[in-house]
Amino acid sequence: MSAVIEINTERLQLRPISLSDAEAILQYRSDSITNRYQGWIPKTIDDVYDFINNKVSLDINLPDSWYQIVIIKKNDLELIGDLGIHFLDKNIKQVELGCTLDKYQQGKGYATEALNAVLMYLFNELDKHRIIASIDPENIKSIKLFERLGFQKEAHFKKSVLLNGKWADDAIYAILKEEWYKK
């Protein structure tokens, strides 16, 4: 399916990542303290260009691919974060979500607003069955965010993810389409 996700919410514009976003992405993604739970922390602008050119799919709904969306505030057009959608299986009925937000923009409801809009799109437009989030159990802010969205903890794997050179636990949170509609 050759399509792109472009979503507008009350305060945000969500659109596919592009090379012109690289500088802004480097600004918030390179903060290794704030992003200690992330699997990708770029050190240079070339790391961001490589990520956009080689790790991100240009099309949605391709099995075993990541589709990356940037989060932009409508009022000043500032790029404040990004959201990854991992299309997991060949039947493409399940996806994984991940979200990174600039530390100066956290706590303002932007991640909740962006993820709600993407969940609605995935369940309504792409007819997904199940959406998961893989979260480091020490990342309390992300756990609370996904629980607010209706996700429930399904599993906890001990030292199962190599993250920034160290083995970390992994908690899996998920929501089914029918659960999303009931919330």
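Rules and cut-offs
Going along each chain's sequence as written, the residues are numbered from 1 onward. Reporting in this predicted model follows two pLDDT cut-offs: at least 70 for local features of residues, and 80 or more for side-chain atom pairs to be given and counted; totals over whole chains, interfaces and linings ignore these cut-offs and use all residues. Side-chain metrics in this entry use all non-hydrogen atoms of the structure; hydrogen atoms and water are not considered. For helices the rule is a DSSP run of H or I covering at least 4 residues; for strands it is a run of E covering at least 2, with both sets numbered from the N terminus onward. Exposure categories follow from relative accessible area, calculated using a 1.4 Å probe and restricted to protein chains: below 20% of the type maximum is buried, above 50% is exposed, and the middle band is partly exposed. Here, residues are in contact when the closest pair of their heavy atoms is within 4.5 Å. The pLDDT score gives, residue by residue, the confidence of the prediction method on a 0 to 100 scale. Strand pairing requires that DSSP identify at least two bridges connecting the strands. Fitting a line to C-alpha atoms yields each axis, with helices limited to the stretch in contact; the angle taken between N-to-C directions then spans 0 to 180 degrees. An angle below 35 degrees is read as roughly parallel, one above 145 as roughly antiparallel, one from 65 to 115 as roughly perpendicular, and any other as oblique. In this scheme the crossing of two helices becomes right-handed for a clockwise turn of the near helix relative to the far one and left-handed for an anticlockwise turn of less than a right angle. Any residue that is not Ala, Val, Leu, Ile, Met, Phe, Trp, Tyr, Cys, Pro, Asp, Glu, Lys or Arg is counted as polar, Gly included; the first ten are nonpolar and the last four charged. The arc in question is the one spanned by the directions pointing from the helix axis to the C-beta atoms. In the sections that follow, a salt bridge refers to a side-chain nitrogen of Lys or Arg positioned within 4 Å of a carboxyl oxygen of Asp or Glu. Polar contact is defined as a pair of N or O atoms within 3.5 Å, subject to the rule that within protein one atom must be able to donate a hydrogen and the other to accept it, and that residues adjacent in sequence are counted only when both atoms are side-chain atoms.

S.K.: What should I look at first to understand the overall build of the protein in this one?
M.R.: Counting secondary structure elements, the protein contains 5 helices and 8 strands. Moving toward the C terminus, one meets the helices and strands of the protein in the order β-β-α-α-β-β-β-α-β-α-β-β-α. With the C-alpha coordinates aligned to their principal axes, the bounding extent of the protein is approximately 40 × 35 × 35 Å. Out of the 183 residues belonging to the protein, those deemed buried represent 48%. Considering only contacts within the protein whose residues lie at least 6 apart along the sequence, 59% involve residues at least 24 apart.

S.K.: What's the story with the confidence of the model for the protein in this structure? I'm lost.
M.R.: Do not read the fine detail of predicted coordinates wherever pLDDT is low. Residues with a pLDDT of 70 or more make up 98% of the protein, whose mean pLDDT is 92. Looking across the protein, the model is least confident in helix H5 (residues 177-182), with a mean pLDDT of 90, and most confident in strand E2 (residues 12-16), with 97.

S.K.: For this particular structure, what's the right way to read the sheet that holds strand E5 (residues 94-101)?
M.R.: Working definition: the strands of a sheet are paired by backbone hydrogen bonds and lie parallel or antiparallel to each other. Strand order in the open sheet formed by 8 strands is E1-E2-E3-E4-E5-E6-E8-E7, and the pairing between neighbours is mixed. Each edge of the sheet is formed by a strand with only one pairing partner; in this case those strands are strand E1 (7-8) and strand E7 (152-163). Looking at chain direction, E1 and E2 are connected through 2 bridges and run antiparallel. Looking at the pairing, Asn8 lines up with Gln13 of E2. Contacting E1, E2, strand E3 (65-73), strand E4 (79-87), E5, strand E6 (130-135) and strand E8 (166-176), helix H3 (residues 110-125) runs over the sheet at an angle of about 160 degrees to E5.

S.K.: Explain the packing of H3 against helix H4 (residues 140-148) here, please?
M.R.: Helix packing geometry: the angle between the two helix axes and the distance between the axes. The contact between H3 and H4 brings their axes to 10 Å, and the two run at 45 degrees. Here H3 is positioned oblique relative to H4, judged by the angle of their axes. The handedness of the crossing between H3 and H4 is right-handed. Residues Ala111, Thr112 and Leu115 of H3 form the contact with H4, whose participating residues are Leu145, Phe146 and Arg148. Taken together, the residues that form the contact of H3 with H4 break down as 4 nonpolar, 1 polar and 1 charged.

S.K.: Before we go on, may I ask you to explain H4 in this structure?
M.R.: Given 3.6 residues per helical turn, the α-helix brings residues three or four places apart onto the same face. Every buried residue of H4 is listed here: Ser142, Ile143, Leu145 and Phe146. Down the axis of H4, the buried side of the element spans an arc of 160 degrees, and every buried residue falls inside it. The outward face of H4, more than 90 degrees from its buried face, is lined by the exposed residues Lys141 and Arg148. Where H4 is buried, its residues meet E5, H3, E6 and E8.

S.K.: Please clarify how the pattern of salt bridges should be interpreted in this entry.
M.R.: Between side chains of opposite charge, a pair can form when the charged atoms approach closely. Counted by the stated rule, this structure contains 10 salt bridges. Glu113 is the salt-bridge partner of Arg11, the closest N and O atoms lying 2.7 Å from each other. Pair noted here: Arg11 is in the loop between E1 and E2 and Glu113 is in helix H3, with a separation of 102 residues, a long-range link. Classification of Glu113 by relative accessible area gives buried; the value is 15%. With a closest N to O distance of 2.9 Å, Asp127 and Lys93 form a salt bridge.

S.K.: Could you clarify how one ought to interpret the pairing of E8 in this entry?
M.R.: Within a regular strand, side chains alternate between the sheet's two faces. As judged from the 6 bridges shared by E6 and E8, these two strands associate in the antiparallel manner. What sits directly across from Ile135, in E8, is Ala171. Where E7 and E8 come together, 8 bridges link them in antiparallel fashion. Bridge pairing in E8 places Leu162 opposite Trp167. Where E7 hands over to E8, the hairpin turn is made up of 2 residues, of which Asn164 adopts a positive phi near 55 degrees.

S.K.: What exactly am I supposed to notice about the environment of Asp76 here?
M.R.: Here Asp76 is to be found in the loop between E3 and E4. With 85 residues separating them along the chain, Asp76 and Val161 place their C-alpha atoms 37 Å apart. Within the structure, the side chain of Asp76 is placed 3.4 Å from the side chain of Lys73, a separation counted as a polar contact. There is a polar contact of 3.0 Å between the side chain of Asp76 and the backbone nitrogen of Glu78.

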